[in-house]
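# Commentary on secondary and tertiary structure
One-letter residues, chain by chain:
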Amino acid sequence: EIVLTQSPDFQSVTPKEKLTITCRASQYIGTSLHWYQKKPDRSPTLLIKYASQSISGVPSRFSGSGSGTDFTLTIDGLEAEDAAAYYCHQSSSLPWTFGQGTKVEIK
Amino acid sequence: QITLKESGPTLVKPTQTLTLTCTFSGFSLSTTGVGVGWIRQPPGKALEWIAVIYWDDDKRYSPSLNSRLTITKDTSKNQVVLTMTNMDPVDTATYYCAHRREYSFFDYWGQGTLVTVSS
């Protein structure tokens, strides 16, 4: 099973800041890595597919990069509505797995 | 517009069998490449993939739950049904169904249904 390890687990940031979340895979997964946003009592929403491809309707402040085993999600210019948990997810091999999540708090 | 909605019991007793139904619209599970998956999130914990079924009736299960799971589809009703046997309090979670695209990511999710396992 591929383990995805995210860092940090928690981050408190001020609006307009730039935040980078990393996701490291325990083995090579190419670009089969996707990012989701999860707000309390809401269903997850897809932010980035295949490591760096944008999703229609997702604000441009969200971007992704990486390949192989190391990936990053960047939120450039945080807004209050970005308070949420963020999860990476690999679809390279079964069983598909998620990272443990990064909780983002807006000060 | 793709929508999905989960339905089923909110409370089950330990050892009972859970049956959840995902009713969807905006796509067909007979279309090549389409899949519907189940993902759960225990309170305060991370997302966990459970199972998926594809247009061609190919089914995949999480190895850790494989012996307890069955996923089926009814294409005419636009429904996917997940059954999980021998429920335990650790199975308490919000269960989501989601549309799987390109055999890769989940792009549309249901609202989720909280299932509590308690006697």
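Our subject is the structure that appears above.
Predicted model only: the values in this text are computed from it and were never measured. (Residues numbered from 1 in each chain as written. Chains lettered and ligands numbered in written order. Predicted model: local features only at pLDDT ≥ 70, side-chain atom pairs only at ≥ 80, totals over all residues. Heavy atoms only, no water.)

This brings us to unusual backbone geometry. Residue and element names in this part refer to chain A. Here the bond from Ser7 into Pro8 is cis, since omega is -5 degrees, no more than 30 degrees from zero. With respect to the helices and strands, Pro8 occurs in the loop between strand E1 (4-7) and strand E2 (10-13). For the bond running from Leu94 to Pro95, omega is -5 degrees, close enough to zero to count as cis. Here Pro95 is to be found in the loop between strand E9 (84-90) and strand E10 (97-98). Even without a glycine there, the phi angle at Tyr50 is positive, about 50 degrees. Within the secondary structure, Tyr50 sits in the loop between strand E5 (45-49) and strand E6 (53-54). (Helix = DSSP H or I, 4+ residues; strand = E, 2+ residues; numbered from the N terminus.)

Moving on, we get to the interface of chain B and chain A. On the chain A side, the residues contacting the 22 residues of chain B number 18 residues. Three residues, Leu47, Trp49 and Phe105 of chain B, lead the burial of chain B against chain A; their summed loss comes to 35% of the area buried on that side. Between the two partners, chain B and chain A, sit zero salt bridges. Our count for the chain B to chain A interface comes out at six residue pairs in polar contact (both at pLDDT 80 or more). Going through the elements one at a time, strand E4 (35-41), strand E5 (48-54), strand E9 (93-101) and strand E10 (105-109) of chain B are the ones with two or more residues in the side of chain B that touches chain A. Residue composition of the side of chain B that touches chain A, by class: 12 nonpolar, four polar and six charged. (Contact = heavy atoms within 4.5 Å. Buried area = accessible area lost by both parts, 1.4 Å probe. Salt bridge = Lys/Arg side-chain N within 4 Å of Asp/Glu carboxyl O. Polar contact = N/O pair within 3.5 Å; in protein donor to acceptor, adjacent residues only side chain to side chain. Nonpolar A, V, L, I, M, F, W, Y, C, P; charged D, E, K, R; others polar.)

Our focus in this paragraph is the sheet that holds strand E7 (residues 62-67) of chain A. As a general point, the strands of a sheet are linked pairwise by backbone hydrogen bonds and lie either parallel or antiparallel. Residue and element names in this part refer to chain A. With respect to topology, four strands assemble into an open sheet ordered E1-E3-E8-E7, the strand pairing being antiparallel. The strands lining the two open edges of the sheet, one partner per strand, are E1 and E7. The sheet shows a mean angle of 20 degrees between the axes of neighbouring strands, taken without regard to direction. (Pairing = 2+ DSSP bridges. Axes fitted to C-alpha atoms, helices over the stretch in contact; angles between N-to-C directions.)

Next up on the list: the pattern of salt bridges. Counted according to the given criterion, the structure contains 10 salt bridges over all chains. One salt bridge in this structure joins Glu48 of chain B and Arg40 of chain B, with 2.7 Å as the shortest N-O distance. Looking at Arg40 of chain B, the relative accessible area reads 6%, which means it is buried. Residue Arg40 of chain B pairs with Asp91 of chain B through a salt bridge whose shortest N-O separation is 2.9 Å. Placement of the pair is Arg40 of chain B in strand E4 and Asp91 of chain B in the loop between strand E8 (79-84) and E9, with a sequence separation of 51 residues. We note that Arg40 of chain B, like Asp91 of chain B, is buried. Connected through shared salt-bridge partners, Arg61, Glu79, Glu81 and Asp82 of chain A make up one network. (Buried < 20%, exposed > 50% of the residue type's maximum accessible area, 1.4 Å probe, protein only.)

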